[in-house]
Amino acid sequence: MRPTILFALLLISHISLGQSKKGALSDIRNKYQLIRELVDTNTLRQHHTDYSCDESTEKGSLTFYYNGTELKHIVHTYTLGHVKFRDEFYIWDNQLFFQYAIHKVWYKDYERSRSGKRRLANVELTLEERFYFKDRDVIKCQFKDFENRSSNPKKIKTNNIRNINVGCDQAQVALEKFDLLLDFQEMKIQDACNLPKSITNTEPLDHIYSNIH
């Protein structure tokens, strides 16, 4: 096969894959917006459970949202000390198509004022992950992190920070969490300590955990 013909075929294949991925992401956005509208207008039936873990200070809640009998959304929130997590799962035809996780950590940190004096500030660090799926195959993964300090009156919001496209090594973990949570749809949570947890990329936290008391 001539090099020019091979190059043309590869280019066509690349364009086709790009268009397919673009179409899949557009479909995900449309489904996400529809489910959000149903959730925000309190249209979906809910199955809600609060829990606490006897072995620690952990507590949380697990809520399933149904359109009739069809599962559309799962929200799992939990708190442990100075750390709060929130996992959101969006489902269509019994398949996970989007997973969003937010992880907030509160701690204190010393900083210098303009006059050079050392002062203590309250810090809220936020980490977010987003995984996009089609037929259980991951097609896009994103991450962002930002912090707000009590010394800065202008608060940063998630919409002010751009998502960074990252590798999808942890996408399988999101699918496994989804599969495990499905088992708790119609039962009372008895072993909350073993519920799957959030945020896989915790490197920005390593330097601050020693300050959390």
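None of the values given here were measured: they were computed from a predicted structure. (Residues numbered from 1 in each chain as written. Predicted model: local features only at pLDDT ≥ 70, side-chain atom pairs only at ≥ 80, totals over all residues. Heavy atoms only, no water.)

K.L.:
Would you mind going over the overall build of the protein with me for this structure?
P.N.:
Scanning the protein from N- to C-terminus turns up 2 helices and 8 strands. Element order for the protein, N to C, with α for helix and β for strand: α-β-β-β-β-β-β-β-β-α. In the protein, which comprises 213 residues, the share counted as buried stands at 37%. By sequence separation, contacts in the protein at least 24 residues apart represent 47% of the contacts at least 6 residues apart. If you sum the accessible surface of the protein, you get close to 13400 Å²; carbon and sulfur atoms cover 50% of it. (Helix = DSSP H or I, 4+ residues; strand = E, 2+ residues; numbered from the N terminus. Buried < 20%, exposed > 50% of the residue type's maximum accessible area, 1.4 Å probe, protein only. Contact = heavy atoms within 4.5 Å. Areas by Shrake-Rupley, 256 points an atom, 1.4 Å probe, with all protein chains shown as cover.)

K.L.:
Would you explain the pattern of salt bridges in this entry?
P.N.:
Between side chains of opposite charge, a pair can form as their charged atoms come close. For the structure on display, the rule yields 10 salt bridges. We note a salt bridge from aspartate 109 to arginine 149, for which the minimum N-O separation is 2.8 Å. A residue pair is termed long-range when its members are at least 10 positions apart, and aspartate 109 in strand β5 (residues 95-112) and arginine 149 in strand β7 (residues 137-149) qualify at 40 residues. A relative accessible area of 18% places arginine 149 in the buried class. Overlapping salt bridges, with partners in common, bring together Asp109, Glu147 and Arg149 in one network. (Salt bridge = Lys/Arg side-chain N within 4 Å of Asp/Glu carboxyl O.)

K.L.:
When you look at the sheet that holds β5 in this model, what are you seeing that I'm missing?
P.N.:
Hydrogen bonds between backbone atoms are what pair the strands of a sheet, whose relative direction is either parallel or antiparallel. One open sheet holds the 8 strands; their spatial order is β1-β2-β3-β4-β5-β6-β7-β8, and the pairing between them is antiparallel. Among the strands making up the open sheet, the edge pair consists of β1 (45-52) and β8 (164-165). Across 12 bridges, strand β6 (residues 118-134) lies against β7 in antiparallel orientation. What sits directly across from valine 123, in β7, is arginine 149. The sheet contacts of helix α2 (residues 171-182) involve β2 (59-67), β3 (70-80), β4 (83-92), β5, β6 and β7, and relative to β4 the element is tilted by about 80°. (Pairing = 2+ DSSP bridges. Axes fitted to C-alpha atoms, helices over the stretch in contact; angles between N-to-C directions.)

K.L.:
What's the story with the confidence of the model for the protein in this structure? I'm lost.
P.N.:
Interpretation of the predicted coordinates at a detailed level should be avoided for regions scoring low in pLDDT. Here the protein shows a mean pLDDT of 81. Residues at 70 or above account for 75%. Per-element confidence in the protein is highest for β8, whose mean pLDDT is 95, and lowest for helix α1 (residues 3-40), whose mean pLDDT is 72. Confidence drops under a pLDDT of 50 for residues 5-17, and excluding neighbours within four residues, the segment shows 2 contacts in the predicted structure. For the stretch residues 206-213, pLDDT sits under 50, and the model shows 11 contacts to residues farther than four places along the chain or on other chains. (pLDDT = per-residue confidence, 0-100.)

K.L.:
So what exactly am I meant to see when it comes to the nonpolar core here?
P.N.:
Nonpolar side chains in soluble globular proteins generally cluster together in the buried interior. Grouped together as the largest cluster of nonpolar side chains are 17 residues, with contacts concentrated most on Phe64, Ile74, Phe89 and Phe133. Those elements that place two or more of their residues in this core are β2, β3, β4, β6 and α2. When neighbours within four sequence positions are excluded, phenylalanine 64 is seen to be in contact with Arg45, Gln46, His47, Leu71, His73, Ile74, Leu181, Phe184 and Gln185. Within the second largest apolar cluster, 13 residues are counted, among which are Ile35, Tyr90, Tyr100 and Tyr132. (Core = buried A, V, L, I, M, F, W, Y, C linked by side-chain atoms within 4.5 Å.)

K.L.:
Just checking my understanding: could you explain the packing of aromatic side chains for this structure?
P.N.:
To describe a pair of aromatic rings, one takes the distance between the centres and the angle between the planes. The full count for this structure, using the stated rule, is 8 aromatic pairs. Positioned over the ring face of tyrosine 66 is arginine 45, at 4.5 Å from the centre of the ring. (Phe/Tyr/Trp six-rings, centres within 6.5 Å; stacked < 30°, edge-to-face > 60°. Lys NZ or Arg CZ within 6 Å of the ring centre and 35° of its normal.)

K.L.:
What's the story with the side chain of asparagine 148 in this structure? I'm lost.
P.N.:
On the secondary structure map, asparagine 148 appears in strand β7. A relative accessible area of 9% means that asparagine 148 is categorised as buried. A distance of 2.6 Å separates the side chain of asparagine 148 from the backbone nitrogen of isoleucine 156, its partner in a polar contact. Among residues more than four places away in sequence, those in contact with asparagine 148 are Asn122, Val123, Glu124, Lys154, Lys155 and Ile156. (Polar contact = N/O pair within 3.5 Å; in protein donor to acceptor, adjacent residues only side chain to side chain.)

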